[in-house]
Amino acid sequence: STNNTVVTVTGANAIQGEASLTYDGTTLLLSQASPVLKVLPTTNGNDGVIELCGRSTDGSPTENRTQIKGEAEGSTANTKMTFHVENASGVNERMSILSNGIIGVGANGSSADLGVGIHIKSADSGASVSANGDELVIEGSGNSGITIASGSSSEGTIKFADSGSSDAGYIH
């Protein structure tokens, strides 16, 4: 194929302009040895977005949108991937993966908010996170906690380990 080729779909198996792109009436398939679907904005500062839409039971096509975005992290060459879902207040970011591997769920996706590991956030607590304990952060604006649920004949356990022992301590 050549650059700037417009592919047209007129019906099942009727794609013109690209042999490795097929459509069977329900599935658009790109098949090659190493296929790539690339969404590239033509203007600096814009995000590449894949948007998936569902239809509500009344047939409205614009409801229930989800988005996956490739976004620049500031003015650097680094990018982050963000996942957005729609609710009554619009399409909002709900999860992010930064270029350095930090994952945020419910956090806003900035390095300052996420710490260095995984940050699960139901609401902003207003608290700062210690650098000695920011690999896993659970944050809420009220009472917050972790539940370990086990079967009736089992135990829930938190294990502690160091370079000398995989069983340096535990809570159960």
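Predicted, not measured: the structure shown is a model, and the values here were computed from it. Along every chain, residues carry numbers that run from 1 in the direction the sequence is written. Two thresholds apply to this predicted model, a pLDDT of at least 70 for residue-level local features and 80 or more for giving and counting side-chain atom pairs, whereas whole-chain, interface and lining totals are computed over all residues. The side-chain numbers reported here are obtained from all heavy atoms of the structure, hydrogens and water having been left aside.

### Observations regarding the overall build of the protein
Selection rule: Strands are runs of DSSP state E lasting at least 2 residues, helices are runs of H or I lasting at least 4, and numbering of each runs from the N terminus. Whether two residues are in contact is decided by their heavy atoms, any of which lying within 4.5 Å being enough. Computed by Shrake-Rupley with a 1.4 Å probe, the accessible areas treat only the displayed protein chains as cover when residues are assessed.
Secondary structure assignment for the protein yields 1 helix and 13 strands. When the helices and strands of the protein are placed in sequence order, the string is β-β-β-β-β-β-β-β-β-α-β-β-β-β. The contacts of the protein with a sequence gap of at least 6 include a subset with a gap of at least 24, amounting to 4%. In the form shown here, the protein has an accessible surface area of approximately 12,300 Å², with 51% of it arising from carbon and sulfur atoms.

### A short note on the pattern of salt bridges
So the rule is basically this: By convention in these notes, a salt bridge is any Lys or Arg side-chain nitrogen within 4 Å of a carboxyl oxygen on Asp or Glu.
Across all of its chains, the model carries 1 salt bridge by this definition. Across the pair aspartate 167 and lysine 159 runs a salt bridge whose closest N-O atoms are separated by 3.1 Å.

### Here we look at the pairing of strand β8 (residues 90-97)
Formally: The criterion for strand pairing is that DSSP finds at least two bridges linking the strands in question.
Examined bridge by bridge, strand β7 (residues 79-87) and β8 share 7 bridges and lie antiparallel to one another. Within β8, the position partnered with histidine 84 by the bridge is glutamate 93. The hairpin formed by β7 and β8 contains 2 residues between the paired strands. Sheet topology note: the β8/strand β9 (residues 103-105) ladder contains 3 bridges and is antiparallel. Bridge pairing links isoleucine 97 to isoleucine 103 in β9. Counted between consecutive antiparallel strands, the loop separating β8 from β9 contains 5 residues, among which glycine 101 sits at a positive phi close to 95°.

### Considering the layout of surface pockets
Worth spelling out the cut-off: Whether a set of points on the 1 Å grid over the protein atoms alone is a cavity depends on a 1.4 Å probe fitting there but being unable to get out, while an open set qualifies as a pocket with protein on both sides within 12 Å along at least five of seven lines; lining residues are those with an atom within 4 Å of a point. Grid points are joined across faces, edges and corners, and a volume is the space filled by probe spheres set on the points. Under the scheme applied, nonpolar residues are Ala, Val, Leu, Ile, Met, Phe, Trp, Tyr, Cys and Pro; charged residues are Asp, Glu, Lys and Arg; polar residues are all the others, including Gly.
When its volume is computed, the second largest pocket comes out at roughly 230 Å³. Broken down by element, the lining of the second largest pocket gets its largest block of residues, 3 residues, from strand β6 (residues 65-72). Tallied by class, the residues present in the lining of the second largest pocket amount to 3 nonpolar, 8 polar and 2 charged.

### Notes on a nonpolar patch on the surface
Applicable threshold: Note that patches include only residues with greater than 30% relative accessible area and no salt bridge, and the join distances are 9 Å for like charges and 5 Å for nonpolar side chains (Val, Leu, Ile, Met, Phe, Trp, Tyr). Relative accessibility thresholds used throughout: buried, under 20% of the residue-type maximum; exposed, over 50%; partly exposed, between the two (1.4 Å probe, protein chains only).
Together, Val105, Ile118, Ile120, Leu136, Ile138, Ile146, Ile148, Ile158, Phe160 and Ile171 make up an exposed nonpolar region whose accessible area comes to about 850 Å². In this structure, isoleucine 148 sits in the loop between β11 (136-139) and β12 (158-162). On the basis of relative accessible area, isoleucine 148 is assigned to the partly exposed category, the value being 43%.

### Some points on the sheet that holds β7
Our working definition: Every angle, taken between N-to-C directions, lies between 0 and 180 degrees, and every axis is a line fitted to C-alpha atoms, over only the stretch in contact when it is a helix.
What the 7 strands build is an open sheet, ordered β5-β6-β7-β8-β9-β10-β11; its pairing is mixed. Bordering the open sheet on either side are β5 (48-53) and β11, each of which pairs with just one other strand. Averaged over neighbouring strand pairs, the angle between their axes works out to 20° when direction is ignored.

### Considerations on the confidence of the model for the protein
Low-confidence regions, as indicated by low pLDDT, have predicted coordinates that should not be scrutinised in detail. This is how it is decided: pLDDT gives the predictor's per-residue confidence on a scale running from 0 to 100.
Scored by pLDDT, the protein comes out at a mean of 77, with 78% of its residues at no less than 70. The lowest-confidence element of the protein is helix α1 (residues 111-114), averaging 55 in pLDDT; the highest-confidence one is strand β13 (residues 165-171), averaging 87.

### Regarding the pairing of strand β10 (residues 118-121)
Residues His119 and Lys121 of β10 are buried on one face, while the alternating residues Ile118 and Ile120, pointing to the opposite face, are not. Looking at chain direction, β9 and β10 are connected through 3 bridges and run parallel. By the bridge assignment, glycine 104 is partnered in β10 with histidine 119. Both β10 and β11 contribute to a ladder of 4 bridges, which runs parallel. Residue histidine 119 lies in a different strand from β11, and its bridge partner there is valine 137.

### Details of the side chain of glutamine 67
We count it as follows: Here a polar contact is taken to be a pair of N or O atoms separated by no more than 3.5 Å, where protein atoms must pair a possible hydrogen donor with a possible acceptor and residues adjacent in sequence count only if both atoms sit in side chains.
Within the secondary structure layout, glutamine 67 lies in strand β6. Side-chain polar atoms of glutamine 67 contact the side chain of glutamate 51, separated by 2.5 Å. Excluding residues that lie within four positions of it along the chain, glutamine 67 makes contacts with Val49, Ile50, Glu51, Thr82, Phe83, His84 and Val91.

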